[in-house]
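# Structural characterization, general
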Amino acid sequence: MKSEDLKQLLTAISTGDVTPESALEKLKNFDFENVENFAKIDHHRNIRTGFPEVIWGPGKKPEQIVKIMEVMRKNNPVVMATRIEPEIYEELQDKIPGLYYYRDAKICAIISDFPTPKHQGIITIVSAGTADLKVGEEAAVTATLCGFSVKRLWDVGVAGIHRLLSNKHLIAEADVLIVVAGMEGALPSVVAGLADCPVIAVPTSVGYGANFDGLAPLLTMLNSCAPGIGVVNIDNGFGAAILAGQIIRTGEKLVNRRSQESGVRSQEGTRRSFKV
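Quick caveat, the model's predicted, so the values are computed rather than measured.

So, about the layout of surface pockets. The volume enclosed by the largest pocket comes to roughly 370 Å³. What lines the largest pocket is a set of 22 residues, among which Pro 77, Val 78, Lys 118, Leu 145 and Cys 146 lie closest to the centre. Looking at side-chain class alone, the lining of the largest pocket contains 10 nonpolar, 9 polar and 3 charged residues. In terms of domain composition, the lining of the largest pocket takes at least three residues from each of domain 1 (13–114) and domain 2 (116–258). Roughly 210 Å³ of internal volume is contained in the second largest pocket. Lining the second largest pocket are 16 residues, and of these Ala 128, Gly 129, Gly 157, Met 183 and Glu 184 lie nearest its centre. Residue composition of the lining of the second largest pocket, by class: 9 nonpolar, 4 polar and 3 charged.

Here the focus is helix H10 (residues 215–222). Taken as a whole, H10 has its buried residues at Pro 217, Leu 218 and Met 221. Down the axis of H10, the buried side of the element spans an arc of 105°, and every buried residue falls inside it. Summarising the contacts, the buried residues of H10 are in contact with strand S9 (176–181), helix H9 (187–192), strand S10 (199–203) and strand S11 (229–231).

This part covers the pattern of salt bridges. Oppositely charged side chains are able to pair whenever their charged atoms sit close together. Inspection of every chain in the model, using the stated rule, returns 7 salt bridges. The partner of Arg 73 in a salt bridge is Glu 70, with the nearest N and O atoms 3.5 Å apart. Judged by its relative accessible area of 27%, Glu 70 is partly exposed. The salt bridge partner of Lys 106 is Glu 85, with a shortest N-O separation of 3.1 Å. Residue Lys 106 is located in the loop between strand S5 (99–102) and strand S6 (107–111), and its partner Glu 85 is located in the loop between strand S4 (78–82) and helix H5 (86–93); the two are separated by 21 residues in the primary sequence.

Glancing now at the sheet that holds strand S8 (residues 149–153). With parallel pairing, the 5 strands of this open sheet are ordered in space as S8-S7-S9-S10-S11. The outermost strands of the open sheet, each flanked by one partner alone, are S8 and S11. Taking each pair of neighbouring strands and ignoring which way they run, the sheet shows an average axis angle of 25°. Pairing of S10 with S11, which is carried by 3 bridges, proceeds in the parallel orientation. If you follow Val 199 over to S11, its bridge partner there is Ile 229. Docked against the sheet, helix H6 (residues 133–145) engages strand S7 (122–127), S8, S9 and S10, running at close to 165° with respect to S8. Packed on one face of the sheet, H10 meets S9, S10 and S11 and runs near 155° to S10.

Together, Phe 212, Leu 215, Leu 219 and Leu 222 make up an exposed nonpolar region whose accessible area comes to about 410 Å². Note on placement: Leu 222 falls in helix H10.

Of note, Asp 155 is a non-glycine position whose phi angle comes to about 60°, a positive value. As for its position among the elements, Asp 155 is in the loop between S8 and helix H7 (161–165). The exposure class of Asp 155 is partly exposed, given its relative accessible area of 32%. Of note in the backbone geometry, Asp 213 takes a positive phi value of approximately 55° without being a glycine. With respect to the helices and strands, the residue Asp 213 is situated in the loop between S10 and H10. Judged by its relative accessible area of 60%, Asp 213 falls in the exposed class.

We now examine the packing of helix H4 (residues 62–72) against H5. Two elements in contact, H4 and H5, have axes whose closest approach is 10 Å; the angle formed by their N-to-C orientations is 55°. Compared by their axis directions, H4 and H5 come out oblique. Classified by chirality, the crossing of H5 by H4 is right-handed. Residue-level inspection shows Pro 62, Ile 65 and Val 66 of H4 in contact with H5, the latter providing Ile 88, Glu 91 and Leu 92. In terms of residue class, the contact of H4 with H5 is made up of 5 nonpolar, no polar and 1 charged.

Procedures and definitions
Residues numbered from 1 in each chain as written. Predicted model: local features only at pLDDT ≥ 70, side-chain atom pairs only at ≥ 80, totals over all residues. Heavy atoms only, no water. 1 Å grid on protein atoms, 1.4 Å probe; cavity = no way out; pocket = protein on both sides within 12 Å on 5 of 7 lines; lining within 4 Å. Points joined across faces, edges and corners; volume = space filled by probe spheres on them. Nonpolar A, V, L, I, M, F, W, Y, C, P; charged D, E, K, R; others polar. Domains from an automatic or database assignment. Buried < 20%, exposed > 50% of the residue type's maximum accessible area, 1.4 Å probe, protein only. Helix = DSSP H or I, 4+ residues; strand = E, 2+ residues; numbered from the N terminus. Arc of directions from axis to C-beta. Contact = heavy atoms within 4.5 Å. Salt bridge = Lys/Arg side-chain N within 4 Å of Asp/Glu carboxyl O. Pairing = 2+ DSSP bridges. Axes fitted to C-alpha atoms, helices over the stretch in contact; angles between N-to-C directions. Patch = residues over 30% accessible without salt bridge, like charges linked within 9 Å, V, L, I, M, F, W, Y side chains within 5 Å. Areas by Shrake-Rupley, 256 points an atom, 1.4 Å probe, with all protein chains shown as cover. Parallel < 35°, antiparallel > 145°, perpendicular 65-115°, else oblique. Left-handed = near helix turned anticlockwise from the far one by under 90°.

Okay, here's the thing in structure tokens:
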């Protein structure tokens, strides 16, 4: 954001020509910062969407990731980079102080303090098999770093359905479920038949040849006869976590809105009683 534009906006607020609420709406779409000639960091994404910008690791040189993370850490309490292979992390850790690596999730993060839940609700992540854990952990770590309470339930696929049924209490406690499965991808349909909350299905590229690198479970999940299932792309644990977080945050906004409306009605009732 240019300093002259900011000065004009602040002047308009001070004179009453622009309300603080309108100013916030304008600021949501302003600020970004160039990183040399290869990146533009969106510092205000968190204001607009509730989630900060996250770095996609593949295709970037280690030195580019270093420079992007150093710029982002100035304005964000948590900086994330996804799909970081161990050998890339080895190069990054010597150049970025305080960098933490979640090996199973392949996520690098700079965090000022270990994240504690700041949102109500529980996101429970369920995996069909151990081979699906890298995608499940990507979802779990992403949701945790974004301030959500996370529970994990691993290796409860339909080939041994009793493993899932013996953990029905975790399904019942969840406010949003993320279900990760490869092979034929049947687990989300089973879980959705047990749950009273949204189910986000994540197909994985785990499976034999006819799995077609995740296309088979993707089609199974899209064709599920169980209602209440949304499907993200193959291996997209990150996207599933952000969607689950948006669902939780939408619930919070609705509760806050009703509380505010109730407060307004209460004040109006008080004023009417004084008039009488």
